[in-house]
Each structure stands twice: as C-alpha cells, then as structure tokens.
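The residues making up each chain are set out below.
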Amino acid sequence: MSNLKYRLLAIVLLVVASAAALYPRSIVERTRRNGVFVYDTVKRVPLKRGLDLQGGMHLTLEVDESKGAIADKSGALDRALKVVRTRIDQFGVAEPVVQKLGTDRLIVELPGLEDAKRATDVVQQAAFLQFQITDKTKAFEAVAPRLDAIVRDKKLAKAAAPDVRGDTAKGNGLKSLFAGADSSKKGADTAATASTGPFQRLVVASGYPGMYTVAATDEAELSGYLENEDIKAALPPGKVVRWGADSIVASGRVLKSMYVLDSRPIITGDYITDAKPNSVPIEGTVVEFQLNNEGGRRFKNETGKHVKDYMAIVLDDRVMSAPIIQSAIGTRGQITMGGKDLASAQDLAVVLKAGSLPVPLKVAEIRNIGASLGQDSITKSITAGLIAVGLVVFIMIGYYRFSGMLAVAGLILYILFTLAALAGFNAVLTLPGLAGFVLSIGIAVDANVLIFERIREELVHGKSLRTAIDEGFRHAMSAIVDSNVSTALTALVLYQYGTGPVKGFAVTLLAGIAASMITSIFVVKTFFLVWLNRNRTAEALSI
Amino acid sequence: MLRILHDTKYDFIKWWKTAAILTAAFIALGIGSVAFLGGFQYSIEFTGGTLMQVAFTQDQSSADVAKLRTVLENGGAKGAEIQQFGSPRDFTIRAQNAAGSAGAEVTSRAIEADLVKAVGAGAFTIVRTEAVGPRVGAELARGAYLAILISFFVTMLYLAWRFEWRFGLAAVIATAHDILTTIAFMKLLHLEISLTVVAALLTVLGYSLNDTIIIFDRVRENLRKNRKEALYDVLNRSVNETLPRSILTHATALAATLALLFFAGEVIRPFAWVMAFGIFTGTFSSVYVASPILLYIEQRWPRSIDGKAQPAGKPSMSKPTAAPARG
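Residues numbered from 1 in each chain as written. Chains lettered and ligands numbered in written order. Predicted model: local features only at pLDDT ≥ 70, side-chain atom pairs only at ≥ 80, totals over all residues.

## Focus: the overall build of chain B
From N to C terminus, chain B includes 10 helices and six strands. Here the C-alpha radius of gyration of chain B, 25 Å, is well above what a compact globule of 327 residues would show, namely 20 Å. When its C-alpha atoms are laid out on the principal axes, chain B stretches across 80 × 50 × 35 Å. Across the 327 residues in chain B, those meeting the buried criterion constitute 45%. (Helix = DSSP H or I, 4+ residues; strand = E, 2+ residues; numbered from the N terminus. Rg over C-alpha atoms; globule rule 2.2 N^0.38 Å. Buried ≥ 20, exposed ≤ 12 C-beta atoms within 10 Å, placed from the backbone.)

Structure, rendered in structure tokens:
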C-alpha cells in the first residue's frame, strides 16, 4: 500500500501548499492619511479584488487627435504613460495600475479612489507651462479693424454663432444702461454698425500692455472667430491670443481677460524640478516651483532682458496670471491660483512636478464603483456561494450517501484549491468571477457524479467492489477529460478576448476546471482507496 | 441505493420531430420579436454612453421618479433615462454621451448636476458610474463576436481530434442551437446584452458542450462494444444510460444558479437568468439536437469499414434496420 501512502502524502502537500498560499499575509500598502502618504502594514488574505469588488476607478484614456494628427503616437504614449504614472503616484492610491493598451490608449486603475472628477482632471491635464512676455507694441489695436473686416466679409458672424451674437447685442444694450462709467465702450456699442465689428466693439484695452478685457458672455463668440483660419492668418506675426483662466468681477460686470503674447515662450515647464502648494497673505493660494540649474540660468537671463515688462504664466494655453518683472528671476518662482483652494493648488503642483503630457488625452471610458457597492457585492456573492454549497451537499449526500460524503469532502478541497490557485497566480477576483465560482461549485461535482454512476453500473454488472471502483474511475475518465478540456478551451478564448471583469471570470473558470479534475480524479479516488484499505472484506458500498 | 430513472429504455430519438418543431417555434418567436418589436437592448459597454447607479437616502415614490425623469429629460444629458434597480432607493440612469471630443466624463457630471438640482446634494450617493466612448464599445462588441466564433472553431477541432468530424459537427450545431434559443430567451425576457451576459452565454456554450460530450462519449464507447447495433439504438441507449448522471448534474448546477439568481444581487441577476435557461436548453439540445443531427450526418455520409462504404441508411430518421458500424 505504499502507493496509497504517496497519494495521501500528495494530498497533504497540496492542502498545505494551498493553505500557505491563502494564509493572511502582511502587505505593505501605501495609503493616504490626513493628506500625507504613509506606508501601512495590513494583514489580509492575499486574494486580489478587482475594482468592482473593492471600489475604485478604471479609466481608459485615448490620444485625442481632434486638434491635429500626432506622428509617433506609440512613442508619445510611452512618454505620456510615465508622466501619468508619476502623477498617480503623487496621488497616493494604494495599488495603482497604469498600462498601455494597443498603440493609442492608456488604462489607469485607481483602487479605492472615490473622487472621480479630481482624478480625471489630474490624469488628463496637459500641464504645459509656458512663460510668455505680453505684447508691448499694440499689435492687436493695429489689426483689429482688419479682423473685423474679415468677420464681415466672410459673414462669420452669422455662420459662426448667430444665437450668441443675438444674445450679445441684447446683453450689451443692457450693460451699457448699467455701466455708465464705461462711456467709451458705450459709444462703441451704440455705433455697432458696418464700419466696426466685434473685435473693436467687444475688446477693451485694460491699460496694461497686451492685456484686454471682454465681457464673460462674449468670450464664446470671440474665441469662435479666433479659430477661423482667415482670422488666424491675419493676427500679428509672432503673437498669440490667449484667454485668462479666471473671470474678474468689476463694477458689477463679469469680465474675462484676453492677452496678446509673444508666441515664443521665454521658458517652459520642462525645467521644473519641484513644485509645492502654499498659502501666502496677499496672493492667496500659490504654487511655488523650482527650476533646475539650466532652467534657472535661462530664466534669469531672459527675465533680466525684460525687466518692467509683464510676463504671462500660461498653463495649457490659459493665462494664470501676468505679473510685472521687477528684476531678474532665478530658479524659483510662483504661480498664483486666483481664488482656488489649496487642493487645486496641490493638484497643480503634482502635475507640474510630473511634467507635461506629450500628447493630449481624452477619457474614452470610466468605471467608478463605490466601495460600499463593492462590499455589498462580496457579501451577496458569499451568501449565494454558501447557499449553493448547502444545496449541493444536500443533493450529493442525499443521493449517494457515504460516497456523497467523500464527494463533499472533495468539494471542500476543490474550493480550497481554486482559491489557492487564484491567489498563487495573482489573479484578480471580479464580480462575474465570483458568480462563475459559485456556479462552478454546482458543476464541479459533475465529475464525481459521472464516476459514481459508472461505479453503480459496474456493480450492477456484478463486478467485485474493488474492480467496480477501479473500472468506474477508468471508464469515466475520457468523458471527464473531454468535457473539461473543451470548457477550458472556451475559457481560454474568453480570457483572450474578454476585458476587465470578464477576464477575471475566465481565470476563475480555468482555476476551477483544474481544481475540479484534481479533486475528482485523484483526491476522491484516494478516499475510496483508503476506505477499501480499511474495509478489506467489504462487499457493499454506500453509493 | 437510491436510484432515479435507472435502467430506463425510453425512445428519446423518436420525438426528434416534435422537439425540432418546438425549438424552431421558440427561436422563431425570438426572431419575430426582434423583427416586430425592435432589436436587442445593448448595455452601454457596447453602445457607448453613460450609466450611473444612484442610491437615494430615502425611498422614491413614483411621483418622485416622475419628477426626476422630467428634470433629467430637460437637463444637461441627452436622452437620460431613469430606472429602478432593486430596492426603491436604488436607481440607474443611463444617457448617451455628449458629442464632441470632450470625452466620456462630461455626461456623468451633467447628470450629477441635474440630480443635485432635483433632490439636493446630500440626498443621494452615486455608487457606480460607467461611461464608455463609442469606439471602445464597438471594439468590445467585435471582441465578443470573435470570442464566440473562435470558441466554436476550437471546439470543433478538438472534438474532431478526440472523436471524429461527425461528432464535432453535430456538437457544434447543437451549440449553435443553444446560442439561438438563449438569445431568443434574452430577447423575450428583455435582458440587456452586456459583457457579463456574453460571458454567461459562453458559459452556457461550455456547459451544453459538456453535456453533449458526455452522451457522445457513451455513444463512442457503445459503438466500440457493439458494432452491429444501429446508431439509432446506440444513441437511445447512450442517452438512457447517462440519464441518471444528467439529472444529478443538472440538479446541482441548477441549485448553484438559483442561489445566484436569488441571493447574489441585482448586477449578477441577468447572468443567472441566462445560465438557468442555458442549463435547460443545453440538456435539451444534447438529446434532441446533437443526437438526431449525428444520426442524419451518419446516414448522409456513412462511415466506412476497411475502406468500403457502408450502404446508406434510409434518409428518414426512423428506427433503421441496417446497422452502420464503427470504423
């Protein structure tokens, strides 16, 4: 009976290995506590839960080519991946995943994260920082009539946005009633005839070089014109038009700043080595940044040339602020955040530090699952699983009596092996995966049923007990193998072509098939052999 | 020894015509429903769009829901629809995504703003958001079709290798039948086609195939044992011999499925429905689709012994007198 000893030894080893794989482990997790990142040691069963079970966010980002094609998408995306990963790390999520999918998509998974809006903003923000000197030459005033002429000739006003224009006219009429002080503007408004146009009528010089104000309601109309190719061509050479990031409230009117800037930046955010949020008395919330040595040298050099000029700090083509340069600036600088809170300053610091995105990204897919829903799914799946086990145990023992008990013992080992395999292969447990697992409890006993029915048939044919058991296992083998292999093939196909949760389902299915074959063919047979060994004279089997 | 349906001698195959008419009628009902009542309801995973699951802090009466519906319809999200999801506090809202390159996140923000407007900020929590762009959806749909087709092909190859091509073909036709009936079932029950449901459909395929293989395995064995017996009788005998196993396995599988259906929650319910029907149709097709088709193929292209073709049986599939033997 040495054969039997080896069999028992193998089962004991399997059980020990499975228990070891599932033994709660100390795992170091990076978590955020009171706004700071800490490494925390937690003890838990090493079964990875998918986002749909533990809550969190799954983002698919796609290269946005709506504003011009991108030449080397794949290469640019590799660089973008690094940037996104750095930003996410700053965000302090426990086990984030950032992956490239195909040539033009990134997958970002943020377990446990609840604030979807903030996360998408941080991940998606281009964070392209530029410092540009404002225009001192009154170039805009020079071309404004020409721009208006183009609007008139090309009939852009109607084509672009007739509704907006209608509203604007009304709005201005009202405004001019209220804003009596703004007499020059009022004159322009009433003289809104063929000789002028929106650029002369709506844009008001602010008194600072290259800076203008526009009523907030007019921004859409004007930026619409500025997208037009003819208008673009007519803008002063070497200059760009940019909008301010925030609106200003002045004498009861909401205004928007418009800037005309030198298109060549004196420096970009590429040189930033560090950035952190701060709160200072006069400016309010700011982000302080530090440049590396090369950047510092350039910055000092350029700002030295532009003392008493105004320097616009432009983030993603929006002007954050435009302070005057008092003297040459070295490696340190700051960006004022307007009225924004410390959290947004912190987010800006994060993205500045991580660097700008080399390609624009847009969100192609979001899945955001609350942690409570995930916990609820786990509880319900476990309930369903326990009930399934109860029913299957009832059917098996009720029908097969003693042999049924052996099958149930096998079923318990099956559950253990499957979970251990999932932990061992680092598989991610998803909700469909859990459902598949519960289902597999019902299907796993099929192999046992096949074998038991065979043994019964052999017994009916008058074979001796030992022979019947032996033959029963042998004859049922081909059916078990063929049916399991074909199911495994389907699971492999699912794994290959499925995504996210469905992939988890396929993995669970595969682990289940392997565990089911081991328990039914090997473990339960060993149980029978042990029983035969103890009851050498037995002539009947409770089956 | 407790035995059910032991040593039975039912002539299952005799009823193949009735079975064929029944199943064809069911499939036709499904197709008719698609033709006259419109196509399937696809989940946003396939169509693109936004789905939000919202848990309100209080039960919503039908008047509340009507109010919400009006707010959503006039709100920022195009075609927003609200639906109860389980308890009267849980609802799902789905909408098409806003046009333009702004991405998938804009719509969910618009819906959230509408909800705040309707019930106030503290009165609800968004427990789940799924937003899928149209391109991702199209790719997922293609992946699902591909998965089904490839699993067909792989299965046929495997069975052709382990049995022979006649068995492989019969099994795959039976499986295709299961897909048609299950899809008809999904249509009649207004189940939404989601990735999870596709996974369930593929599981049904695996399960049904299992069942067919168990019977075919017995057919293979019986053909080897008794080369004189007519295939018609061999099939009947094999179905009868595997009957106790079929009953037991379907009982345990159904038990697990019902546990899922009643206790695993709203998200898994469509999966469990498809699976429950699949157990039924898989069993049916093993006996009444796979077996008669194997018989038909056998009579159309009889196997040969020692390179000599056997006389073809009668094209009608009643109990034949000539005995085709295993080659």
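From this point, the discussion proceeds with the structure in view.
## Focus: the sheet that holds strand S6 (residues 105–111) of chain A
Pairing within the open sheet is antiparallel, and its eight strands lie in the order S5(A)-S6(A)-S4(A)-S18(A)-S4(B)-S1(B)-S3(B)-S2(B). Either end of the sheet is taken by a strand with one partner, and the two such strands are strand S5 (97–101) of chain A together with strand S2 (81–85) of chain B. Ignoring strand direction, the axes of neighbouring strands in this sheet form an average angle of 20°. Bridge count for S5(A) against S6(A) is five bridges, and the pairing is antiparallel. Note on S6(A): the bridge partner recorded for A:Val98 is A:Val108. Against the sheet, helix H4 (residues 105–119) of chain B engages strand S18 (361–369) of chain A together with strand S1 (49–56), strand S3 (87–95) and strand S4 (124–132) of chain B, with an angle of about 155° to S4(B). (Pairing = 2+ DSSP bridges. Axes fitted to C-alpha atoms, helices over the stretch in contact; angles between N-to-C directions. Contact = placed C-beta atoms within 7 Å.)

## A look at helix H1 (residues 16–37) of chain B
Over its 22 residues, H1(B) runs 31 Å from end to end, which matches the ideal 32 Å to within 8%, given 1.5 Å per residue. Looking one or two residues past H1(B), B:Gly38 carries a phi angle of roughly 90°, positive in sign. (Expected span 1.5 Å × (residues − 1).)

## Points about the confidence of the model for chain A
Of all residues in chain A, 88% have pLDDT values of 70 or greater, and the mean over the chain is 81. Below a pLDDT of 50 lies the segment residues 159–194 of chain A, which in the model reaches 31 contacts outside its immediate sequence neighbourhood of four places, other chains included. (pLDDT = per-residue confidence, 0-100.)

## Some points on the domain arrangement of chain B
Annotation of chain B at the domain level lists domain 1 (13–38 + 137–309) and domain 2 (49–132). Using C-alpha coordinates to define each centre, domain 1 of chain B is positioned 40 Å away from domain 2 of chain B. (Domains from an automatic or database assignment.)

## Focus on the interface of chain A and chain B
At the junction of the two partners, chain A supplies 60 residues and chain B supplies 57 residues. Among the elements that take part in the side of chain A that touches chain B, helix H14 (residues 371–424) of chain A stands out by supplying 14 residues, more than any other. When the residues that make up the side of chain A that touches chain B are grouped by side-chain class, the tally is 33 nonpolar, 17 polar and 10 charged. Of the strand pairs in this sheet, S18(A) and S4(B) are connected by five bridges, and their pairing is antiparallel. Within S4(B), the residue paired with A:Arg367 across the bridge is B:Glu130. (Nonpolar A, V, L, I, M, F, W, Y, C, P; charged D, E, K, R; others polar.)

## Considering the confidence of the model for chain B
Residue and element names in this part refer to chain B. Of the residues in chain B, 91% have a pLDDT of 70 or more, and the chain-wide mean is 83. Of all helices and strands in chain B, the one with the weakest mean pLDDT is strand S6 (residues 308–309) (44), whereas helix H9 (residues 243–263) scores best (93). Below pLDDT 50 for its whole length, residues 306–315 participates in 16 contacts with residues either more than four positions away or in separate chains. Ignoring residues within four places in sequence, the model shows residues 322–327, a span with pLDDT below 50, making 20 contacts including any to other chains. Interface predicted TM-score (ipTM) for the complex: 0.85; the corresponding pTM is 0.76.

## Quick notes on the sheet that holds strand S14 (residues 284–291) of chain A
Residues and elements named next belong to chain A. An order of S13-S14-S17 is seen for the three strands of this open sheet, with the pairing classed as antiparallel. The open sheet is flanked by strand S13 (272–280) and strand S17 (332–336), the only strands paired with a single partner. Adjacent strand axes in the sheet meet at a mean angle of 25°, parallel and antiparallel pairs treated alike. When S14 meets S17, the two strands line up antiparallel, connected through five bridges. The partner of Val 286 across the bridge, within S17, is Thr 336. Where helix H13 (residues 342–354) meets the sheet, its contacts fall on S13 and S14, and the angle it forms with S13 comes to roughly 170°.

## Looking at the packing of helix H7 (residues 195–225) of chain B against helix H8 (residues 231–241) of chain B
Residue and element names in this part refer to chain B. Two numbers describe how H7 lies on H8: the axes approach to 9 Å, and their chain directions differ by 125°. Taken together, the axis directions place H7 and H8 in an arrangement best described as oblique. H8 is crossed by H7, and the crossing has right-handed handedness. Where H7 approaches H8, its residues Ile 215, Arg 218, Val 219, Asn 222 and Leu 223 are matched on the opposing element by Val 234, Leu 235, Arg 237, Ser 238, Val 239 and Glu 241. Considered class by class, the residues forming the contact of H7 with H8 number six nonpolar, two polar and three charged. (Parallel < 35°, antiparallel > 145°, perpendicular 65-115°, else oblique. Left-handed = near helix turned anticlockwise from the far one by under 90°.)

## Thoughts on the environment of A:Asp115
Residue and element names in this part refer to chain A. Structurally, Asp 115 can be placed in the loop between S6 and helix H4 (116–124). Using a count of 14 C-beta atoms within 10 Å as the deciding quantity, one classes Asp 115 as partly exposed. Spatially, the C-alpha atoms of Asp 115 and Asn 368 are 9.2 Å apart, while their sequence positions differ by 253 residues.

## Considering unusual backbone geometry
Residues and elements named next belong to chain A. The residue Asp 317 is not glycine, and still its phi comes out positive at about 65°. Within the secondary structure layout, Asp 317 lies in the loop between strand S15 (311–315) and strand S16 (318–321). In this model, Arg 401 sits at a positive phi of 50°, which is unusual for a non-glycine residue. With respect to the element layout, Arg 401 can be found in helix H14.

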